[in-house]
Amino acid sequence: MSLVRKLFPLALALVLLGGAIQGVSGLRSEPEVQGDLKPTSDQLDAAEEIAAKLKHHYRQLEFDDSLSSQVLDSYLKDLDPNRQYFLASDIREFERYRDQLDDQLSRGQLEAGYTIFNRFQERLETRLSKLLDTIENDLESLTFDGEESVLVDREDAPWAADEAALDAIWQRQLKNAVLSMRLNDSSLEDIRTRLTRRYESQLKRISQNTPEDVFQVYINALTQTFDPHTTYFTPHNSENFDISMSRSLEGIGAVLQYEDGYTKVVRLVPGGPAAKSGQLKPADRIVGVSQDDEAPEPVIGLRLDEVVDQIRGPKGTKVNLEIIPAGSASEHDTRTITIERNKVVLEEQAAKKDVITIERDGESMKLGIIEIPAFYLDFAAFHRGDPNYTSTTSDVAKLLVELRKENIDGLVIDLRNNGGGSLLEVNKLVSLFINRGPTVQVRESNGRVSIEGDKFPGVLYAGPMAVMVNRFSASASEIFAGAMQDYGRALIVGDQTYGKGTVQTLLDLNHGKLKMTNAKFYRVSGSSNQNLGIVPDVDMPSLIDKDEVGESSLPNALPWDEIDSAKYQRVSEIVPYLPELREKHSGRINKNPEFIYVESLRKLLDENRNRTELSLNEKSRTATQRALDSERLAIENRRRQSRGEEPLASIKELRDLEEQRALDPESDEESIDEDPYVRETGEILVDYMNLIRENQVARKG
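Residues numbered from 1 in each chain as written. Predicted model: local features only at pLDDT ≥ 70, side-chain atom pairs only at ≥ 80, totals over all residues. Heavy atoms only, no water.

## Considering the overall build of the protein
This is how it is decided: Think of it this way: any DSSP run of H or I at least four residues long counts as a helix, any run of E at least two long counts as a strand, and we number them from the N terminus. Burial classes: relative accessible area under 20% of the type maximum marks a residue as buried, over 50% as exposed, and values in between as partly exposed (1.4 Å probe, protein chains only). A contact between two residues is defined here by any heavy atoms of the two lying within 4.5 Å. The method behind every accessible area is Shrake-Rupley, applied with a 1.4 Å probe, and residues are considered shielded solely by the protein chains displayed.
Each helix and strand counted, the protein has 21 helices and 20 strands in total. Expressed as a percentage of its 701 residues, the buried residues of the protein come to 54%. Long-range pairs, those at least 24 residues apart, make up 76% of the contacts in the protein between residues at least 6 apart in sequence. About 29,900 Å² of surface is accessible on the protein, with carbon and sulfur atoms providing 47% of the total.

Next up, the structure:
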């Protein structure tokens with residue numbers, strides 16, 4: 001069901017619309033393409049130009065047989081990730097290209113890419129036609145009382161030996177789809193209608209493929225062999241990319257990527273409609289889209305730009321999304337949500353403050369909390385020279401002054417879900433907490449290292465600090481957290497961060513644009529932010545699956561490495577205190593019902609996610625689902641009991657409650673003082689402050 005895998009690894013959900021330009025090849029000697037779709041002369045020229053520019057990529061891979069082999073494997077995986085369309089004989093035939101793609105692409109020849117795609121399209125059309133015929137005529141004959149099972153992930157399965165083997169694979173796939181829907185109380189006619197609509201949509205889509213579609217998929221198999229953020233944009237897509245960067249479009253405020261035929265949610269934009277609705281979560285997969293009161297139309301297999309074009313729209317209108325929730329074992333376990341489109345309002349991304357009190361040994365400790373959803377900057381006002389331009393640093397500085405007047409004892413900076421933003425702003429923010437020094441190092445592809453830093457003396461806040469992070473803290477957030485950790489300026493608390501430590505530049509081509517990685521970020525200590533991210537000093541329990549979210553989950557991500565440390569002076573030594581801080585933290589969360597709930601739910605989700613096969617026996621599958629529902633309900637009721645709430649009687653009650661929360665998230669919002677993660681971070685910070693005080697007393701004694 002997949003046409004493209006990760007066309008645009010972290011594409012903004014306000015971008016991209018596919019285009020098509022057809023023509024004939026020029027005077028270049030081009031091997032004959034087998035099949036209907038053939039490259040245009042512009043695409044041949046662009047391929048040669050892209051190959052030349054990629055030789056200056058940060059990774060500096062050689063265009064040799066090894067690269068050719070990687071591109072072939074990547075392309076086949078992009079087209080058929082679950083090995084359910086190509087035959088083993090096709091793969092043997094394509095082996096002749098294994099050491100040829102580097103030479104072809106360097107010369108601007110695209111015969112291999114188009115020939116393989118044409119074969120894929122032929123296999124896909126055949127398979128979908130057979131499947132639709134079975135759904136129409138033989139759905140009633142399917143039985144679910146045998147011992148069959150279906151592989152959840154066929155990525156490493158062998159290629160089918162012949163059409164009969166493919167028929168058997170798809171028979172099991174179809175039975176799994178039908179059984180999943182039966183267990184969700186769908187009637188046979190409803191199942192027939194939904195599956196027919198899904199596969200007819202895919203069949204219609206492939207008939208509309210153009211040479212530009214092929215070029216986009218094939219060239220991105222090449223670019224993303226270098227790294228997941230190096231991406232080719234067609235001429236039409238590059239125009240929409242420019243529009244998106246100016247933030248003039250309206251939509252739901254989500255960052256999406258294409259993965260194995262699905263549109264996957266990477267993260268939600270703070271202050272955006274999706275984040276505010278509470279219905280869409282990172283790692284959810286979007287499989288259907290519709291407008292107003294219509295039923296969602298399938299979007300599996302569509303290019304990311306096509307899906308985004310259906311999702312975006314004018315402010316005030318509504319979009320319906322059929323999603324597979326993160327952690328679902330079956331692609332047919334879906335639910336439909338509705339989100340009202342709107343602009344992402346800058347004010348809703350603005351930093352904001354609060355104060356909590358931690359009671360310890362009869363003493364009340366006041367802690368300031370500053371939440372920073374994004375590193376924002378009003379570029380237009382900044383370039384006009386307006387002294388009152390809006391920025392993260394100016395807002396945080398004002399909040400710090402206000403908190404100092406409230407006589408806080410410590411400070412927590414909350415960077416959870418902060419996906420980054422302005423490099424200028426993160427450098428300036430660091431300067432509020434250190435007295436001069438480097439903040440981040442940038443290494444270019446030629447090896448030259450430049451250092452960004454705080455050139456101004458003075459510190460606005462010098463007291464005890466903690467910084468909260470999670471898996472969705474990325475880029476600029478990681479620069480700030482890394483600097484605070486290296487300087488010993490703050491405790492880092494939470495989950496390992498995203499690991500986005502690369503820099504991209506947008507290059508104009510004769511046909512489209514190339515976004516190419518040309519530098520990496522490094523901490524002042526010399527450690528790369530890339531791939532590893534920031535490892536917290538004290539870990540918090542999390543429901544986020546690191547195999548699903550983060551730089552390390554992306555294919556061909558640049559590795560973590562180190563360069564020489566910059567010259568900087570540590571403010572304090574936190575490491576000696578960490579063993580005792582972690583021990584005290586562990587003792588609290590092991591007794592805290594909220595964290596016990598998170599750990600229990602995470603374990604259950606992992607068990608569900610890690611299934612390699614699903615039974616096609618209805619009794620067995622029903623028993624498994626009932627056991628899962630029973631455990632999920634028990635976990636929820638243990639939490640409710642600890643809160644003094646009435647237990648829920650059934651899994652249906654729980655699902656109804658979750659749906660109600662999703663439709664009205666503000667009704668379920670906790671105050672900052674009730675957030676268990678904020679309170680536990682406060683407890684850790686108070687522990688740290690007490691240990692420092694005890695150490696100072698011991699020294700004086």
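Back to the write-up after that little detour.
## Concerning the sheet that holds strand E11 (residues 363–371)
Here is the rule we go by: At least two DSSP bridges between two strands are required for those strands to pair.
An order of E10-E11-E12-E15-E16-E19 is seen for the 6 strands of this open sheet, with the pairing classed as mixed. The two strands at the open ends of the sheet, each matched to only one other strand, are strand E10 (352–360) and strand E19 (538–539).

## Quick notes on the packing of helix H5 (residues 111–137) against helix H7 (residues 188–206)
Short version of the rule: Axis lines are fitted to C-alpha atoms, over the contacting stretch for helices. Their N-to-C directions set the angle, which ranges from 0 to 180 degrees. Each angle receives one of four descriptions, namely roughly parallel if under 35 degrees, roughly antiparallel if over 145, roughly perpendicular if within 65 to 115, and oblique otherwise. Handedness of a crossing follows from how the near helix is turned relative to the far one, being left-handed for an anticlockwise turn of less than a right angle and right-handed for a clockwise one. Three categories are distinguished: nonpolar for Ala, Val, Leu, Ile, Met, Phe, Trp, Tyr, Cys and Pro, charged for Asp, Glu, Lys and Arg, and polar for the others, with Gly belonging to the last.
The contact between H5 and H7 brings their axes to 10 Å, and the two run at 160°. Here H5 is positioned roughly antiparallel relative to H7, judged by the angle of their axes. At the point where H5 passes H7, the crossing takes the left-handed sense. The segment H5 lies against H7, with Gln-121, Leu-124, Glu-125, Leu-128, Ser-129, Leu-131, Leu-132, Ile-135 and Glu-136 engaging Arg-192, Leu-195, Thr-196, Tyr-199, Glu-200, Gln-202, Leu-203 and Ile-206. Across the contact of H5 with H7, the residue classes tally to 9 nonpolar, 4 polar and 4 charged.

## Structural notes on the pairing of strand E15 (residues 465–469)
Where burial is concerned, most of E15 is hidden: 5 out of the 5 residues are buried. Covered by surrounding structure in E15 are Met-465, Val-467 and Val-469 together with Ala-466 and Met-468, the residues of both alternating faces. Judged from the 4 bridges that link them, strand E12 (residues 410–414) and E15 form a sheet pairing that is parallel. Each bridged residue has a counterpart across the sheet, and for Asp-414 the counterpart in E15 is Met-468. As judged from the 4 bridges shared by E15 and strand E16 (residues 491–494), these two strands associate in the parallel manner. Opposite Val-469, over in E16, you have Gly-494 as the bridge partner.

## A look at a nonpolar patch on the surface
Let me state the cut-off plainly: The residues that make up patches have over 30% relative accessible area and no salt bridge, and they are joined within 9 Å when like-charged or within 5 Å when they are Val, Leu, Ile, Met, Phe, Trp or Tyr. In what follows, salt bridge is the name for a side-chain nitrogen of Lys or Arg lying within 4 Å of a carboxyl oxygen of Asp or Glu.
A cluster of nonpolar residues, Leu-532, Val-535 and Trp-560, forms a patch on the protein surface that exposes about 240 Å² of accessible area. As for its position among the elements, Val-535 is in the loop between strand E18 (513–522) and E19. A relative accessible area of 40% means that Val-535 is categorised as partly exposed.

## Here's the deal with the environment of Lys-281
Relative to the assigned elements, Lys-281 resides in the loop between helix H10 (273–277) and strand E6 (285–291). Residue classification places Lys-281 among the partly exposed residues on the basis of a relative accessible area of 43%. Linking Lys-281 and Lys-264, residues 17 residues apart in sequence, is a C-alpha distance of 9.9 Å.

## As for the packing of aromatic side chains
What counts is decided by this rule: Each Phe, Tyr or Trp ring, with Trp reduced to its six-membered ring, pairs with another whose centre is within 6.5 Å; inter-plane angles below 30 degrees give stacked pairs, above 60 give edge-to-face pairs, and intermediate values give tilted ones. Counting as a charge over the ring demands two things of the Lys NZ or Arg CZ atom: a distance within 6 Å of the ring centre and an angle within 35 degrees of the ring normal.
One pass over the full model with this rule turns up 13 aromatic pairs. Judged by centre distance (5.8 Å) and plane angle (85°), the rings of Tyr-85 and Phe-120 are edge-to-face. Linking Tyr-85 in the loop between helix H2 (65–79) and helix H3 (88–94) with Phe-120 in helix H5, this pair joins segments that are 35 residues apart in sequence. Relative to Phe-94, the ring of Phe-86 has its centre 5.4 Å away and its plane inclined at 80°; by these criteria the two rings are edge-to-face. For Phe-94, a relative accessible area of 1% puts it in the buried group. Cation over ring: Lys-175 sits above Phe-144, and NZ or CZ is 5.7 Å from the ring centre. If you follow Arg-639 out to its NZ or CZ, it ends over the ring of Tyr-597, 4.1 Å from the centre.

## Concerning unusual backbone geometry
Across residues other than glycine, the phi torsion is negative in most instances, and most of the peptide bonds are trans. Despite not being glycine, Arg-83 has its phi angle at roughly 50°, a positive value. By the element assignment, Arg-83 lies in the loop between H2 and H3. Note on Arg-83: relative accessible area 23%, which makes it partly exposed. Non-glycine residue Asp-185 carries a positive phi angle of around 70°. Within the element layout of this structure, Asp-185 appears in the loop between helix H6 (163–183) and H7.

## Considering the packing of H2 against H5
The N-to-C vectors of H2 and H5 enclose an angle of 25°; their axes lie 11 Å apart at closest approach. Between H2 and H5, the crossing angle belongs to the class labelled roughly parallel. Handedness of the crossing formed by H2 with H5: right-handed. Here Leu-72, Tyr-75, Leu-76 and Leu-79 of H2 lie close against H5, whose contacting residues are Gly-113, Ile-116, Phe-117 and Phe-120.

## Some remarks on the pattern of salt bridges
Inspection of every chain in the model, using the stated rule, returns 43 salt bridges. A salt bridge links Lys-652 to Asp-656; the nearest nitrogen and oxygen atoms lie 3.0 Å apart. In this pair, Lys-652 and Asp-656 both sit in helix H20 (residues 651–663), 4 residues apart, roughly one turn of the helix. Look at the salt bridges and you will find they share partners, linking Asp-90, Glu-93, Arg-96, Arg-119, Arg-123, Arg-127, Lys-130, Glu-163 and Asp-167 into a network.

## Some thoughts on H2
Count 3.6 residues to each turn of an α-helix, and residues three or four apart come out pointing the same way. Just so we agree on the cut-off: Take the residue count of a helix, subtract one, and multiply by 1.5 Å to get its expected span. For this analysis, a polar contact is any N or O atom pair within 3.5 Å, provided that within protein one partner can donate a hydrogen and the other can accept it, and provided that sequence-adjacent residues contribute only side-chain to side-chain pairs.
For H2, built from 15 residues, the straight-helix expectation of 21 Å at 1.5 Å per residue is met to within 8% by its first-to-last C-alpha distance of 21 Å. Buried within H2 we find Leu-67, Ser-68, Val-71, Leu-72, Ser-74, Tyr-75, Leu-76, Asp-78 and Leu-79. A distance of 3.2 Å separates the backbone nitrogen of Ser-66 from a side-chain oxygen at the start of H2, and that oxygen is part of Asp-64.

## Points about helix H8 (residues 211–226)
With 16 residues, H8 should reach 22 Å at 1.5 Å per residue; the first-to-last C-alpha distance of 24 Å fits that figure. Along H8, 16 of the 16 residues are buried, which leaves the element largely enclosed by surrounding structure.

## Remarks on the environment of Val-71
With respect to the secondary-structure elements, Val-71 resides in helix H2. Exposure remark for Val-71: the relative accessible area of 2% places this residue in the buried category. C-alpha separation for the pair Val-71 and Ile-219, spaced 148 residues apart in sequence, amounts to 9.3 Å. Aside from chain neighbours lying at most four places away, what touches Val-71 is Leu-101, Ala-221, Leu-222 and Thr-225.

## Details of a negative patch on the surface
Operational definition: Positive: Lys, Arg. Negative: Asp, Glu. His and the chain ends are not part of the count. Charge positions come from single atoms, namely NZ of Lys, CZ of Arg, CG of Asp or CD of Glu.
On the surface, a cluster of negative charge is contributed by Glu-62, Asp-64, Asp-65, Asp-99 and Asp-103. On the secondary structure map, Asp-103 appears in helix H4 (residues 101–106).

## Observations concerning the confidence of the model for the protein
For residues with low pLDDT, the predicted coordinates do not support detailed interpretation. Cut-off, in case you're wondering: Predictor confidence is given residue by residue as pLDDT, running from a minimum of 0 to a maximum of 100.
Mean pLDDT over the protein stands at 85; residues scoring 70 or higher make up 89%. Scored below 50 in pLDDT, residues 238–249 makes 21 contacts in the model with residues more than four places away or belonging to other chains.

## Regarding the environment of Glu-93
Here Glu-93 is to be found in helix H3. As a C-alpha pair, Glu-93 and Ile-116 span 23 residues in sequence and 9.7 Å in three-dimensional space.

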